[in-house]
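An overview of the molecular structure
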Amino acid sequence: MSTHRTGREVRLAARPQGWPTEETFDVVEVEVADPGPGQVLVRNLFMSVDPYMRGRMNDAKSYLPPFALDAAMEGGAVGEVIESNSPDHKVGDVVLHGLGWREYAVVDGKQARVVDPTAVPSLSVYLGVLGMTGLTAYAGLLDVAEFKAGDTVFVSGAAGAVGNEVGQIAKLKGAKRVIGSAGSAEKVKHLIDDLGFDAAFNYKDGPVAEQLAAAAPEGIDVYFDNVGGEHLEAAIESFNVHGRAAICGMISMYNSTEPSAAPRNLATVIGKRLTLRGMLVGDHARRMPDFIAEVGGWLREGKIKYREDVTDGLESTPEAFIGMLEGRNFGKQLVRVSPDPTLPGQ
Ligand code: NAP
């Protein structure tokens, strides 16, 4: 079936030097192609904006290729199949795929995973608490940092999408003490009052090392790093012997134009026999069934909480992305591309 259709997409208009601005992006109306053999046409409902996308905006070699200039950006999205040439998909299926930042996406069937809209409170959770960010928290804490019951855990970016789930999973798995850092008093209060963190502090209130030492008088065993820099230096200082860190992200450096000096105490990892392991969530896909079973169960039982910050309309995507990098998001930052009142989970 061929239907003349247009839709909007968000393109990378210029590579940012330092912080991205609205001028970094262009919102453009384009013709939507017909799906080819084996492909589906998807109308996007929700899409995710994530910190790693900032790295792909640079023209630099990394574990993912740079976004092309004057082409639509990409990222996780959930949408409804509206045309299908794929034997595995029918019209009306809801799929998770990697072509966000646009209203309509032509996706290879093999890249579109069917998800159940009736199994979740909102389709958006497939991009957050039960999605890539949730798996990052689960695999990073349990497999990379090798968390065990009785550990004292410190997580930075703790009110963020990955961080809040790390802290809650650690509590559910028997952590002795969970400490979080975040960038506002409101976020700190949420960590303690709503999510059951044992201690939390605002890293903008004073030196991280001092605030962490006060929050963890007996030291820490696990550090889940979302921030890097001064936070990593402080964690190394507070580590007990045989401490373990999952080095998940270093958002404090993503928009900086100068190389950071910290951590100045990196040599201490030797004396303390620390394990600091970098992680990429893509290496942990085999843990998805365990993650969905365990965290999905906690979600249904109300044992795990999640918070989302949802803006409306594709045109709100640049502001949502920049706001997330600046910490204006409270919870997983998502964009509702186009609601569909006929589907559950909207
Ligand atoms: P998020 O935490 O929901 O949003 C980003 C948060 O970073 C902001 O809300 C802000 O919160 C904080 N932030 C920004 N600048 C900061 C700074 N200079 N110092 C301290 N905090 C700062 O995002 P997310 O999706 O959960 O990602 C969190 C981290 O995990 C990122 O570093 C990301 O790159 C990483 N990640 C890695 C993988 C992997 O496979 N390795 C996968 C997913 C995510 P405040 O208000 O608290 O400042």
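My aim in this report is to walk through the structure given alongside it, one point at a time. Worth saying up front: this structure is predicted, and the values here are computed from it rather than measured. (Residues numbered from 1 in each chain as written. Predicted model: local features only at pLDDT ≥ 70, side-chain atom pairs only at ≥ 80, totals over all residues. Heavy atoms only, no water.)

Comments concerning the overall build of the protein chain
When helices and strands are tallied, the protein chain shows nine helices and 15 strands. Taking 346 residues into account, the globule formula puts the C-alpha radius of gyration at 20 Å, and the protein chain, at 21 Å, falls close to it. On the principal axes, the C-alpha backbone points of the protein chain span a range of 65 × 45 × 35 Å. Per-residue burial for the protein chain yields a buried fraction of 53% across its 346 residues. Intrachain contacts of the protein chain at a sequence separation of at least 6 include 68% that bridge at least 24 residues. When the accessible area of the protein chain is evaluated, it comes to approximately 15,000 Å², of which 52% is carbon and sulfur surface. (Helix = DSSP H or I, 4+ residues; strand = E, 2+ residues; numbered from the N terminus. Rg over C-alpha atoms; globule rule 2.2 N^0.38 Å. Buried < 20%, exposed > 50% of the residue type's maximum accessible area, 1.4 Å probe, protein only. Contact = heavy atoms within 4.5 Å. Areas by Shrake-Rupley, 256 points an atom, 1.4 Å probe, with all protein chains shown as cover.)

With respect to the site of the ligand
Around the ligand, the surrounding shell holds 26 residues, and the nearest of these are Lys187, Tyr203, Met279, Val281 and Asn329. Take Tyr203: an N or O atom from its side chain is 2.5 Å from an oxygen atom of the ligand. Here an oxygen atom of the ligand and a backbone polar atom of Asn226 are 2.9 Å apart. Ranked by residue count, the leading element in the shell around the ligand is helix α2 (residues 132–144), at three residues. (Near = heavy atom within 4 Å. Polar contact = N/O pair within 3.5 Å; in protein donor to acceptor, adjacent residues only side chain to side chain.)

Brief notes about unusual backbone geometry
Put simply, Ala262 and Pro263 share a cis peptide bond, and its omega is 5°. With respect to the helices, strands and loops of the structure, Pro263 is situated in the loop between β12 (239–247) and α7 (268–271). Located in the positive-phi region is Asp70, a residue other than glycine, with phi close to 60°. Within the secondary structure, Asp70 sits in the loop between α1 (52–56) and β4 (77–84). Positioned with a positive phi, Trp101 is a non-glycine residue whose angle comes to about 65°. Within the secondary structure, Trp101 sits in the loop between β5 (94–97) and β6 (104–108). Under the relative-accessibility criterion, Trp101 is labelled buried at 0%.

As for the nonpolar core
In terms of nonpolar packing, the biggest core is built from 49 residues, with Leu141, Val153, Ile169, Leu191 and Val295 touching the most fellow members. Ranked by residues supplied to this core, first place goes to α2 with six residues. In this structure, this core is formed jointly by two domains, domain 1 (6–127 + 307–336) and domain 2 (132–282), each of which donates at least three residues. Leaving out residues up to four positions away in the same chain, Leu141 has contacts with Thr136, Glu146, Phe147, Val153, Val166, Ile169, Ala170, Val222 and Phe224. (Core = buried A, V, L, I, M, F, W, Y, C linked by side-chain atoms within 4.5 Å. Domains from an automatic or database assignment.)

Digging into empty space enclosed by the protein
Counted under the stated rule, the structure contains one cavity of 30 Å³ or more. Lining the largest cavity, in full, are Gly128, Val129, Thr133, Ala161, Asn164, Glu165, Lys305, Tyr306, Arg307, Glu308 and Lys332. Considering each element in turn, the lining of the largest cavity owes the most residues, three residues, to helix α3 (residues 161–172). Residue contributions to the lining of the largest cavity reach at least three from each of two domains, namely domain 1 (6–127 + 307–336) and domain 2 (132–282). (1 Å grid on protein atoms, 1.4 Å probe; cavity = no way out; pocket = protein on both sides within 12 Å on 5 of 7 lines; lining within 4 Å. Points joined across faces, edges and corners; volume = space filled by probe spheres on them.)

A look at the packing of α2 against helix α8 (residues 288–300)
It is the contact of α2 with α8, at a shortest axis distance of 10 Å, that shows an interaxial angle of 100°. Of the possible angle classes, the one that applies to α2 and α8 is roughly perpendicular. Judged by residue contacts, Gly134, Leu135 and Tyr138 of α2 engage Met288, Asp290, Phe291, Glu294 and Val295 from α8. A per-class count over the contact of α2 with α8 returns five nonpolar, one polar and two charged. (Axes fitted to C-alpha atoms, helices over the stretch in contact; angles between N-to-C directions. Parallel < 35°, antiparallel > 145°, perpendicular 65-115°, else oblique. Nonpolar A, V, L, I, M, F, W, Y, C, P; charged D, E, K, R; others polar.)

Topic: the packing of α2 against α3
The contact between α2 and α3 brings their axes to 8 Å, and the two run at 45°. It follows that α2 is oblique to α3 by the angle criterion. When you trace α2 past α3, the crossing you get is right-handed. When α2 is examined against α3, the residues Thr133, Gly134, Thr136, Ala137, Tyr138, Leu141 and Leu142 are found in contact with a partner set consisting of Ala161, Val162, Glu165, Val166, Ile169 and Ala170. (Left-handed = near helix turned anticlockwise from the far one by under 90°.)

Quick look at the environment of Arg15
Tracing the sequence through the fold places Arg15 in the loop between β1 (6–12) and β2 (25–31). As for Arg15 and Pro66, which are separated by 51 residues in sequence, their C-alpha atoms are 10.0 Å apart. Residue contacts for Arg15: discarding those within four places in its chain leaves Arg56, Met57, Asn58, Asp59, Pro66, Phe67, Ala68 and Leu69. Of note is the side chain of Arg15, whose polar atom sits 3.0 Å from the backbone oxygen of Met57.

Some thoughts on the sheet that holds strand β13 (residues 275–278)
Read across the open sheet, the six strands follow the order β10-β9-β8-β11-β12-β13; overall the sheet is parallel. Looking at the sheet topology across the chains shown, the edges are occupied by β10 (199–202) and β13. Strand-to-strand twist of the sheet, defined as the mean angle between neighbouring strand axes without regard to direction, takes the value 15°. Relative to β13, β12 runs parallel, the two being bridged by four bridges. Counted as the bridge partner of Ile247 is Gly278 from β13. (Pairing = 2+ DSSP bridges.)

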